[in-house]
Amino acid sequence: MPDYKLVIDGGRELRGEAYVSGGKNTSLAVVPAALLADGPCIIENLPAIEDIRVLYRILKYLGAKVDWHPEQKQMAIDPGGVTALTVPYAYSQRMRASYYMMGALLGRYGRAEVGYPGGCDLGSRPIDQHLKGFKALGATIRDENGMLVLEGKLKGAHVNFDMVTVGGTINVMLAAARAEGDSILTNCAREPHIVDTANFLNRIGARIRGAGTDTIRIRGTGRMDGGNYTVIPDQIETGTLMIAAAATRGDVVLRGCIPTHMEALTAKLLEMGVMVTSQDDVITVNLRQGHRAIRISTQEYPGFPTDLQQPMSALLTKALGTSEVIENIFESRFKHLDEMRKMGAISIINGRLAHIEGVPELHGAPVWAPDLRGGAALVIAGLMAQGITEVYNPGTIARGYDHLESKLTDLGARISRAPLDPEENGNANGL
Ligand code: EPZ
């Protein structure tokens, strides 16, 4: 539990330039994927976030030689020294992406013992499709005292996912990369970080085609030499900063991003009356007047990303009219709306459907960050609100955003960390 809270003095427009960091969700797949190599890998543009620190500690625990330089955004990984094939629950429960250790260790060493993954509480988040893929490749899987034990010399297979799953697509791709023979994965997710992970794997010696479409073909290989790779910019950080610019009636230039990854969000912002332009790796966002209410329905890529539903809902709290938000991916991703009500927002939640009625102003209040993107949404609401907002449980934001506070401060926000009073620190169950 972090011993600080965020304090935001809201009502200021964001103005200026910011650089987008490397992608969290792509990095959380590429770093474990390096275990598949027979030689060293150097990964560049890694975000300096808590989840990467957890991965670093897991790799060290396994015996890999790892040098991580967060400020240089670089990690060198040599799996040559790996002796353990176990990821204890103490590590795996820290984040959902620990599940990638299953595909990487099983694919490279024929065995993996991994505690069940943790991560944001967005409802039940089973991994049945991951396990279905591993079994199709020939692995046996058993649950030993809460640890999943996966074993087998993998052979290429056809895996058709019952539903579109980002993690399942990547995890089975990791396992199949060194299987004997060819695999074909169908009904795959198409997110940019799936393409990035496949590009990394091909760079170090894999033979993968079709990533970014719903069908991925993999020719298993007996050897992967390793190599260097730079991960793509963070699609969700880009979107979060775009939304924050609009929410504060600001004028912000984002550099180092990939505009084509942002098309679903850009379309919705334009529909609301926000000015969005882009050229090469630069996106500019500004808003002068009121913004219209809209309807958002989250979908797998290239649809509107579920990870931007929560930040977007902050912008919707002051829209002209009532917006409708349908969360199709996760069972429970509206907890942040309960917190925003303390700031004067008006919303009604009915299962996966929320209606947000625009109000003229928000006022500052103490709020609790329920999860990573809900926390980011509350920061945006604090930037919009008149007065002081205190965001408790900010560690959940630091898990997935690289220096978010300093990026916002550089854009003119008044946001800082303040120590918790002793009685506040004992407040483990929200406010
Ligand atoms: C990844 O989660 C991301 N996390 C999530 O980002 C993101 O919201 C999600 O993809 C969708 O884009 C990482 O990449 C580490 P899924 P993941 O498998 O892999 C169900 C963030 O804020 N499902 O596509 O868990 C599942 O319960 C995080 O950065 C099964 O039922 O997403 C969910 O309802 C939050 N069985 C839906 O599918 C399975 O075997 C989509 O899950 C797998 C998934």
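A. Expanded view of the site of the ligand. In the vicinity of the ligand there are 24 residues, among which Arg-96, Tyr-99, Thr-165, Asp-307 and Ile-329 approach most closely. The contact in question runs from an oxygen atom of the ligand to an N or O atom on the side chain of Tyr-99, over 2.6 Å. A total of 820 Å² of accessible area belongs to the ligand in isolation, and the protein chains cover 91% of it. Every element with two or more residues in the shell around the ligand is listed here: helix H1 (24-33), helix H5 (128-136), helix H6 (166-176) and helix H12 (372-384). A total of three residues in the shell around the ligand trace back to one element, the largest contributor, which is H5. In the shell around the ligand, the residues fall into 10 nonpolar, seven polar and seven charged. Here the shell around the ligand spans two domains, and each of domain 1 (4-20 + 233-430) and domain 2 (24-223) adds at least three residues to it.

B. Molecular detail of the pattern of salt bridges. Considering all chains together, one arrives at 30 salt bridges under this definition. The partner of Arg-15 in a salt bridge is Glu-13, with the nearest N and O atoms 2.8 Å apart. Glu-13 sits in the partly exposed class, given a relative accessible area of 40%. Linking Arg-94 and Glu-50 is a salt bridge whose minimum nitrogen-to-oxygen distance equals 3.3 Å. Here the residue Arg-94 occupies a position in the loop between helix H3 (89-92) and helix H4 (100-109), and Glu-50 occupies one in helix H2 (residues 50-62), the gap between them amounting to 44 residues. Given a relative accessible area of 31%, Arg-94 falls into the partly exposed group. You can call Glu-50 partly exposed: its relative accessible area is 26%.

C. Spatial organisation of the domain arrangement of the chain. Assigned domains within the chain: domain 1 (4-20 + 233-430) and domain 2 (24-223). Its C-alpha centre places domain 1 at a distance of 30 Å from the equivalent point of domain 2. Taking both partners together, domain 1 and domain 2 bury about 1900 Å²; carbon and sulfur atoms supply 52% of that area. When residues of domain 1 are sorted by the area they lose upon contact with domain 2, Tyr-301, Arg-399 and Asp-402 head the list and together hold 35% of the total. Inspection of the region where domain 1 meets domain 2 yields two salt bridges. At the surface where domain 1 touches domain 2, the tally comes to nine residue pairs in polar contact (both at pLDDT 80 or more). Here the side of domain 1 that touches domain 2 is composed, by residue class, of seven nonpolar, five polar and 10 charged.

D. A look at the nonpolar core. Membership of the largest hydrophobic core comes to 73 residues, with the highest contact counts inside it found for Met-101, Phe-200 and Leu-201. For Phe-200, the contacting residues outside a window of four places in its chain are Val-30, Ala-33, Ala-34, Cys-41, Ile-43 and Tyr-229. Counting residues in hydrophobic clusters, the runner-up holds 68 residues, among them Leu-6, Ala-247, Cys-257 and Ile-283.

E. Representation of the pairing of strand S19 (residues 322-326) within the structure. Bridge count between strand S18 (residues 295-297) and S19: three bridges; the pairing is parallel. Paired with Arg-295 across the two strands is Glu-324, which belongs to S19. Handedness of the crossover joining S18 and S19 through helix H10 (residues 309-316) is recorded here as right-handed.

F. Here's a closer look at the packing of aromatic side chains. Scanning all chains against the criterion turns up four aromatic pairs. Measuring from ring centre to ring centre gives 5.6 Å for Tyr-56 and Trp-68, while their planes differ by 40°; the resulting arrangement is tilted. With Tyr-56 in helix H2 and Trp-68 in strand S4 (residues 65-69), this pair connects stretches of sequence that are 12 residues apart. Here the aromatic rings of Tyr-61 and Tyr-91 are separated by 5.6 Å at their centres, their planes lie at 65°, and the arrangement is edge-to-face. You can see Tyr-61 sitting in helix H2 and its partner Tyr-91 sitting in helix H3, a full 30 residues away along the chain.

Conventions adopted
Residues numbered from 1 in each chain as written. Predicted model: local features only at pLDDT ≥ 70, side-chain atom pairs only at ≥ 80, totals over all residues. Heavy atoms only, no water. Near = heavy atom within 4 Å. Polar contact = N/O pair within 3.5 Å; in protein donor to acceptor, adjacent residues only side chain to side chain. Areas by Shrake-Rupley, 256 points an atom, 1.4 Å probe, with all protein chains shown as cover. Helix = DSSP H or I, 4+ residues; strand = E, 2+ residues; numbered from the N terminus. Nonpolar A, V, L, I, M, F, W, Y, C, P; charged D, E, K, R; others polar. Domains from an automatic or database assignment. Salt bridge = Lys/Arg side-chain N within 4 Å of Asp/Glu carboxyl O. Buried < 20%, exposed > 50% of the residue type's maximum accessible area, 1.4 Å probe, protein only. Buried area = accessible area lost by both parts, 1.4 Å probe. Core = buried A, V, L, I, M, F, W, Y, C linked by side-chain atoms within 4.5 Å. Contact = heavy atoms within 4.5 Å. Pairing = 2+ DSSP bridges. Right-handed = clockwise from strand over helix to strand, strands pointing away. Phe/Tyr/Trp six-rings, centres within 6.5 Å; stacked < 30°, edge-to-face > 60°.

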